[in-house]
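# Residue-level structural notes
This is what each chain is made of:
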Amino acid sequence: MAALLLHMPEMLLCVSLYWDQLFTAPLNQRPIIGVLAMESGETFAQFGKSYIPASYVKTLESAGARVAPISIKLSEAEYTQLFHSMNGVLFPGGVASVQNSRFAEISAMFYNLTLKANDKGVHFPLWAICLGFEELTVLTSGENLLTETNTSNLSLPLKFTKDTLRSRMFKNFPKHLLQALQTKPLAGHYHNWSITLKKFTNNKNLANFYKILSTNTDSQQVEFVSTMEAFRYPIYAVQWHPERSPYEWNVTLDIPHFSEAVQLAWYLADFFVNEARKNSYHFSNTTEEEKALIYNYPPIYTGNISKYDQIHIID
Ligand SMILES: *[C@@H]1O[C@H](CO)[C@@H](O)[C@H](O)[C@H]1NC(C)=O
Ligand SMILES: *[C@@H]1O[C@H](CO)[C@@H](O)[C@H](O)[C@H]1NC(C)=O
Ligand SMILES: *[C@@H]1O[C@H](CO)[C@@H](O)[C@H](O)[C@H]1NC(C)=O
Ligand SMILES: *[C@@H]1O[C@H](CO)[C@@H](O)[C@H](O)[C@H]1NC(C)=O
Ligand SMILES: *[C@@H]1O[C@H](CO)[C@@H](O)[C@H](O)[C@H]1NC(C)=O
Ligand SMILES: *[C@@H]1O[C@H](CO)[C@@H](O)[C@H](O)[C@H]1NC(C)=O
Ligand SMILES: *[C@@H]1O[C@H](CO)[C@@H](O)[C@H](O)[C@H]1NC(C)=O
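Computed from a predicted model, the values in this text were never measured in an experiment.

When helices and strands are tallied, the protein chain shows 11 helices and 14 strands. Expected size for 315 residues packed as a compact globule is a radius of gyration near 20 Å; at 21 Å, the protein chain falls within 12% of this value. For the C-alpha atoms alone, the extent of the protein chain along its principal axes is close to 80 × 50 × 40 Å. A burial count over the protein chain gives 53% of its 315 residues as buried. At a minimum sequence separation of 6, the contacts of the protein chain that also span at least 24 residues come to 76%. Just so you have it, the protein chain exposes about 15,000 Å², and 55% of that area is on carbon and sulfur atoms. Across the protein chain, the 25 positively charged side chains and the 28 negatively charged ones have centroids separated by 5 Å.

Structure (structure tokens):
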């Protein structure tokens, strides 16, 4: 009897492991992540109407995802169908108006679809970088609260908040990297606009939606939000550029190439791709999937005319 009792906890453990496996959907080990294309400016117009810097693609690929570019030319019905074929979406950096541009329109559609899917219990993650981060503040607050800051070419350590170490984004990072993040300039900033801490905390829509995971201060002592994650949605945003550290080399930009900066890009990508593995949307068949993937848009070299070493022309 005593022997049986002693074995009870073990038996319970076995049963509960079995139970979990029965009722947790298996992870999707072939995740596909959509990346919004950016309208070409002066430099890239000679190649096509829209582009995606290859560094975003490589960063996602490094962590085990494939990329489907999101054209600027589709109809709302086509974007909706594409959304339901992918496992996550990335809003990249670039130059566009956060209120009056194709980028703003398409971001709004994908943001709304992301909220709707998650509200229905479908885990659909969104990662926003730089301009994508700024766009999220507009989409969540319903207004443009951005302030001009002197942050267009500098790398900085992150100033952690009380929530950083417990956040979903950072909690599984190795200790040495969390330490380096706070002491070494691993985060590259290339933006002219920021959401200040003051405007963020004064806006209920933002403060109730996102947890602030890091801030930074510009040369004028303006403190701005540099990393955030949504409380109730798998939505993650960085005002800085992790993807440049391993993949962009233009010396006219202050890009951190420390080993830890490269690790940072990978750990964030790994985190995000794991979020995408929890989603099981898929294309209707492999022909449709193949047509959608980035391999149909081979990268071209642009390192001698722009800050991107390679870009994919999408439209
Ligand atoms: C997204 O949702 C908001 C709030 O419901 C709505 O005002 C906006 O028009 C929607 N935008 C798009 C592009 O669907
Ligand atoms: C902007 O910041 C840079 C350093 O990143 C500094 O050299 C420059 O003086 C600053 N400009 C202003 C107007 O503060
Ligand atoms: C920031 O402003 C500078 C100077 O006007 C400009 O060269 C740069 O392209 C801007 N950066 C972004 C990301 O808009
Ligand atoms: C950016 O910063 C780097 C390193 O501080 C500097 O060498 C470069 O000239 C700067 N570029 C611009 C466009 O200000
Ligand atoms: C794949 O799906 C598309 C769209 O649903 C359909 O038009 C096409 O016939 C399908 N192809 C195959 C080989 O099943
Ligand atoms: C940049 O490099 C490409 C590819 O090597 C080359 O075709 C092009 O002429 C170069 N452009 C300039 C302005 O050097
Ligand atoms: C680096 O970026 C600048 C600014 O976008 C661009 O003018 C230059 O051609 C790029 N390449 C090199 C090698 O400086």
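What follows concerns the packing of aromatic side chains. Counting across every chain of the model gives 18 aromatic pairs. One aromatic cluster in this structure is built from Tyr79, Phe83, Phe110, Phe124 and Tyr281. Over the ring of Tyr190 we find Arg244; its NZ or CZ atom is 4.6 Å from the centre of that ring.

Our next topic: the site of ligand 2. As a matter of local geometry, ligand 2 sits amid Asn150, Leu154, Ser219 and Gln220. For ligand 2, an oxygen atom lies 2.3 Å from a polar atom in the side chain of Asn150. Contacts to ligand 2 include Gln220, whose side-chain N or O atom sits 2.3 Å from an oxygen atom. Isolated, ligand 2 exposes 360 Å² of accessible area, and the fraction of that covered by the protein chains is 34%. Each residue belonging to the shell around ligand 2 can be placed in one class, and the counts come to one nonpolar, three polar and no charged.

Moving on, we come to helix 4 (residues 102-119). Residues separated by three or four positions in an α-helix point in the same direction, a consequence of the helix having 3.6 residues per turn. If you check helix 4, its first and last C-alpha atoms are 26 Å apart, about what 18 residues at 1.5 Å a residue would give, namely 26 Å. Of the residues one or two after helix 4, Gly121 is the one with positive phi, at around 95 degrees.

So, about the sheet that holds strand 10 (residues 210-217). With mixed pairing, the eight strands of this open sheet are ordered in space as 4-1-5-6-12-11-10-8. In this open sheet, the two strands that pair with only one neighbour each are strand 4 (66-70) and strand 8 (159-160). The sheet strands contacting helix 10 (residues 259-277) are strand 1 (32-36), strand 5 (88-91), strand 6 (126-129) and strand 12 (235-238), and the helix crosses strand 6 at an angle near 150 degrees.

Turning next to the site of ligand 4. Taken together, Asn153, Thr252 and Asp254 form the complete shell of residues around ligand 4. Asn153 places a polar side-chain atom, nitrogen or oxygen, 2.4 Å from an oxygen atom of ligand 4. Separating a nitrogen atom of ligand 4 from a backbone N or O atom of Thr252 is a distance of 2.7 Å. In isolation ligand 4 exposes 360 Å². Once the protein is present, 35% of that is buried.

Now for the environment of Leu146. Summarising the element assignment, Leu146 is placed in the loop between helix 5 (131-141) and strand 7 (147-156). Along the chain, Leu146 and Leu60 lie 86 residues apart, while their C-alpha atoms are 28 Å from each other. Other than its neighbours up to four places away in sequence, Leu146 contacts Val98, Glu134, Thr137, Trp193, Ser194 and Ile195.

The UniProt record annotates "active site" (unreviewed entry) at Cys130 and His241. The annotated residues occupy 112 residues of the chain but converge on a single region, no pair of C-alpha atoms lying more than 6.7 Å apart. If you trace the backbone, Cys130 turns up in the loop between strand 6 and helix 5. Classification of Cys130 as buried rests on a relative accessible area of 5%. If near-sequence neighbours (up to four positions away) are discounted, Cys130 is found in contact with Gly93, Tyr190, His191, Val238, Gln239, Trp240 and His241. Inspection of the secondary structure puts His241 in the loop between strand 12 and helix 9 (244-247). For His241, a relative accessible area of 3% gives the class buried.

Most of strand 10 is tucked away, with seven of its eight residues classed as buried. Alignment of strand 8 against strand 10, held across two bridges, turns out to be antiparallel. Note on strand 10: the bridge partner recorded for Phe160 is Ser214. As paired elements, strand 10 and strand 11 (residues 223-230) share seven bridges and run antiparallel to each other. Paired with Tyr210 across the two strands is Ala230, which belongs to strand 11. Between strand 10 and strand 11, which follow one another and run antiparallel, lie five residues, and Gln221 among them has a positive phi close to 65 degrees.

About the criteria used
Residues numbered from 1 in each chain as written. Chains lettered and ligands numbered in written order. Predicted model: local features only at pLDDT ≥ 70, side-chain atom pairs only at ≥ 80, totals over all residues. Heavy atoms only, no water. Helix = DSSP H or I, 4+ residues; strand = E, 2+ residues; numbered from the N terminus. Rg over C-alpha atoms; globule rule 2.2 N^0.38 Å. Buried < 20%, exposed > 50% of the residue type's maximum accessible area, 1.4 Å probe, protein only. Contact = heavy atoms within 4.5 Å. Areas by Shrake-Rupley, 256 points an atom, 1.4 Å probe, with all protein chains shown as cover. Lys, Arg positive; Asp, Glu negative; His and termini not counted. Charge placed at Lys NZ, Arg CZ, Asp CG, Glu CD. Phe/Tyr/Trp six-rings, centres within 6.5 Å; stacked < 30°, edge-to-face > 60°. Lys NZ or Arg CZ within 6 Å of the ring centre and 35° of its normal. Near = heavy atom within 4 Å. Polar contact = N/O pair within 3.5 Å; in protein donor to acceptor, adjacent residues only side chain to side chain. Nonpolar A, V, L, I, M, F, W, Y, C, P; charged D, E, K, R; others polar. Expected span 1.5 Å × (residues − 1). Pairing = 2+ DSSP bridges. Axes fitted to C-alpha atoms, helices over the stretch in contact; angles between N-to-C directions. UniProt positions renumbered as here; feature names shortened; annotations may be inferred.

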